[in-house]
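# Architecture and fold: a report
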Amino acid sequence: MSARLPVACLLLSGCAGAQSALDPGGDQAQALFSLFALMMWVCGVVYVVVVAALGWALWRAWRQRGADARGDGDATHRTDGRLRRLLPVAAGAILIGLTVLITGSFLADRALFATRAAPALEVRVTGHQWWWRIRYRDPASGGWTETANELHLPQGRTVRLVLESADVIHSFWVPGVAGKLDMIPGRTNRLDVTARRAGWYRGQCAEFCGLQHAHMALAVKVEPSDAFRTWLAAQAAPAGRAAGRGGAVFATVCAACHAVRGTAAGGRAGPDLTHVAGRRTLAAGTLTMTRGNLQGWIAQPQAIKPGTSMPAVPLTPADADAVAGYLAGLR
Ligand code: CUA
């Protein structure tokens, strides 16, 4: 078990896509990366100069000690006058370096939070302990389509993320796409993102929000606009699966907390499960989406994610299997 766990973590992190601020896939991430590169160069040059000056000072002290031992006079005082003349140059260089950093930081900040007209697409992301409720507003009808723990973004289009929290402070952070912004109870924050490179990205709640803070990951898919529209239309559609026995058990046991649109299940406490099997991960990035993991999660949520609001439901193995089968068909 101990040897398998790190391997499993490695494989899971591979599944969820990249989580790196050093590999920007969008305009806002690029602005932050450029600021990072500027800071690295300025600070790198300062570091090399300081270390070189320190080395030279040590060498000078060592040479002076040698001169003192030989009794042949003062070797260092001759350079003191020149050093004093260099002081204003050093102070000027520091001032220029700081000005460059402050200007870079100011411009990056403006690029992130430039006031723009509201983009065509608005997505509401609400932090919960410990998952993400995600709602897309249909610009035509004004209706909302809800999903959870997986954010899809159209490539090359600016999307306004409206960030809120349902309980404690969380922080939205998908470093490959955008910067970090807190989700604060009672407050609405807005983050505009323009993703440029298609593919999967990994996000993570970046503010400690309780026991399972580390298991509050977010899968993000950037896809061409056509594919995004197709995906959103499929998400907006009700569940297209006959309920059967699993659906009947779900309706009596799970529906108080979970919704499956198109059925009587309309609970709001937990994630909307209308198309749950179409997602990449389960329990906010804790498990990959497989039928077996669905069944394990239903049977032992507190063993997998201690403290989660999902209670251990007393189901017979046959009922748990039937519910897992039903959910695995909700694509
Ligand atoms: Cu939510 Cu940390």
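Note that this is a predicted model, so its numbers are computed, not measured. (Residues numbered from 1 in each chain as written. Predicted model: local features only at pLDDT ≥ 70, side-chain atom pairs only at ≥ 80, totals over all residues. Heavy atoms only, no water.)

### Quick word on helix α2 (residues 27-70)
When the terminal C-alpha atoms of α2 are compared, their 64 Å separation across 44 residues agrees well with the 64 Å that a helix rising 1.5 Å per residue should span. Buried residues of α2: Gln28, Ala29, Ala31, Leu35, Val42, Arg60, Gln64 and Ala67, and no others. Looking at the residues trailing α2, positive phi occurs at glycine 71, about 70 degrees. (Helix = DSSP H or I, 4+ residues; strand = E, 2+ residues; numbered from the N terminus. Expected span 1.5 Å × (residues − 1). Buried < 20%, exposed > 50% of the residue type's maximum accessible area, 1.4 Å probe, protein only.)

### Considerations on the domain arrangement of the chain
The domain architecture assigned to the chain consists of domain 1 (18-112), domain 2 (121-236) and domain 3 (244-328). Taking the mean C-alpha position of each, domain 1 and domain 3 sit 56 Å from one another. (Domains from an automatic or database assignment.)

### Quick notes on the side chain of threonine 308
As for its placement among the helices and strands, threonine 308 is situated in the loop between α7 (301-304) and α8 (317-328). Threonine 308 gets classed as buried once you look at its relative accessible area, which sits at 13%. If sequence neighbours within four positions are ignored, threonine 308 has contacts with Trp130, Trp297, Pro301 and Gln302. (Contact = heavy atoms within 4.5 Å.)

### Re the environment of glutamine 302
Within the element layout of this structure, glutamine 302 appears in helix α7. What makes glutamine 302 partly exposed here is its relative accessible area of 32%. Along the sequence, glutamine 302 and alanine 312 sit 10 residues apart, while their C-alpha atoms lie 6.5 Å from each other. In contact with glutamine 302, not counting residues within four places along its chain, are Gly307, Thr308, Met310 and Pro311. Of the polar contacts made by the side chain of glutamine 302, one reaches the backbone oxygen of methionine 310; its length is 2.8 Å. (Polar contact = N/O pair within 3.5 Å; in protein donor to acceptor, adjacent residues only side chain to side chain.)

### A short note on helix α5 (residues 244-253)
One full turn of an α-helix is made of 3.6 residues, so residues set three or four places apart face in the same direction. Of all the residues in α5, the buried ones are Gly246, Gly247, Val249 and Phe250. Here the buried residues of α5 occupy an arc of 160 degrees about the axis, which is enough to place them on one side. Exposed residues on α5 whose side chains face more than 90 degrees from its buried face are Gly244, Arg245 and Thr252. Along its buried surface, α5 packs onto α8. (Arc of directions from axis to C-beta.)

### Comments concerning the packing of aromatic side chains
Per the stated rule, a full pass over the model turns up six aromatic pairs. With a centroid separation of 6.3 Å and an interplanar angle of 35 degrees, the aromatic rings of phenylalanine 33 and phenylalanine 36 are classed as tilted. In this pair, phenylalanine 33 and phenylalanine 36 both sit in helix α2, three residues apart, roughly one turn of the helix. When its relative accessible area of 41% is taken as the criterion, phenylalanine 36 is described as partly exposed. Grouping aromatic residues by their ring pairs yields a cluster made of Tyr136, Phe228 and Trp231. One Lys or Arg, lysine 180, reaches over the ring of tryptophan 173 and ends 4.9 Å from the middle of that ring. Against the face of tryptophan 200 rests arginine 280, its NZ or CZ located 4.1 Å from the ring centre. (Phe/Tyr/Trp six-rings, centres within 6.5 Å; stacked < 30°, edge-to-face > 60°. Lys NZ or Arg CZ within 6 Å of the ring centre and 35° of its normal.)

### Notes on the sheet that holds strand β1 (residues 121-128)
If you walk across this open sheet you meet the five strands as β3-β2-β1-β5-β8, and the pairing is mixed. Either end of the sheet is taken by a strand with one partner, and the two such strands are β3 (144-148) and β8 (189-194). The sheet shows a mean angle of 25 degrees between the axes of neighbouring strands, direction not considered. As paired elements, strand β2 (residues 131-137) and β3 share five bridges and run antiparallel to each other. Residue pairing for β3: isoleucine 134 is matched across the bridge by threonine 147. (Pairing = 2+ DSSP bridges. Axes fitted to C-alpha atoms, helices over the stretch in contact; angles between N-to-C directions.)

### So, the side chain of threonine 126
Within the secondary structure, threonine 126 sits in strand β1. With relative accessibility at 7%, the residue threonine 126 sits in the buried group. Residue contacts for threonine 126: discarding those within four places in its chain leaves Trp131, Trp132, Arg133, Arg135, Glu164, Ser165, Ala166 and Met183.

### A few points about the layout of surface pockets
Here the largest pocket is characterised by a volume of approximately 680 Å³. Along the wall of the largest pocket there are 19 residues; nearest its centre are Val49, Val50, Ala90, Ala93 and Ile94. If you list the elements that add at least two residues to the lining of the largest pocket, you get α2 and α3 (77-112). A volume near 590 Å³ is recorded for the second largest pocket. Considering the residues around the second largest pocket, the lining is formed by 35 residues, among which His258, Gly270, Pro271, Trp297 and Met310 are closest to the centre. When residues of the lining of the second largest pocket are traced back to their parent elements, those giving at least two are α5, β11 (281-282), α6 (291-299) and α8. Looking at the lining of the second largest pocket, the element that brings in the most residues is α6, giving three residues. Class assignment of the residues belonging to the lining of the second largest pocket gives a composition of 24 nonpolar, eight polar and three charged. (1 Å grid on protein atoms, 1.4 Å probe; cavity = no way out; pocket = protein on both sides within 12 Å on 5 of 7 lines; lining within 4 Å. Points joined across faces, edges and corners; volume = space filled by probe spheres on them. Nonpolar A, V, L, I, M, F, W, Y, C, P; charged D, E, K, R; others polar.)

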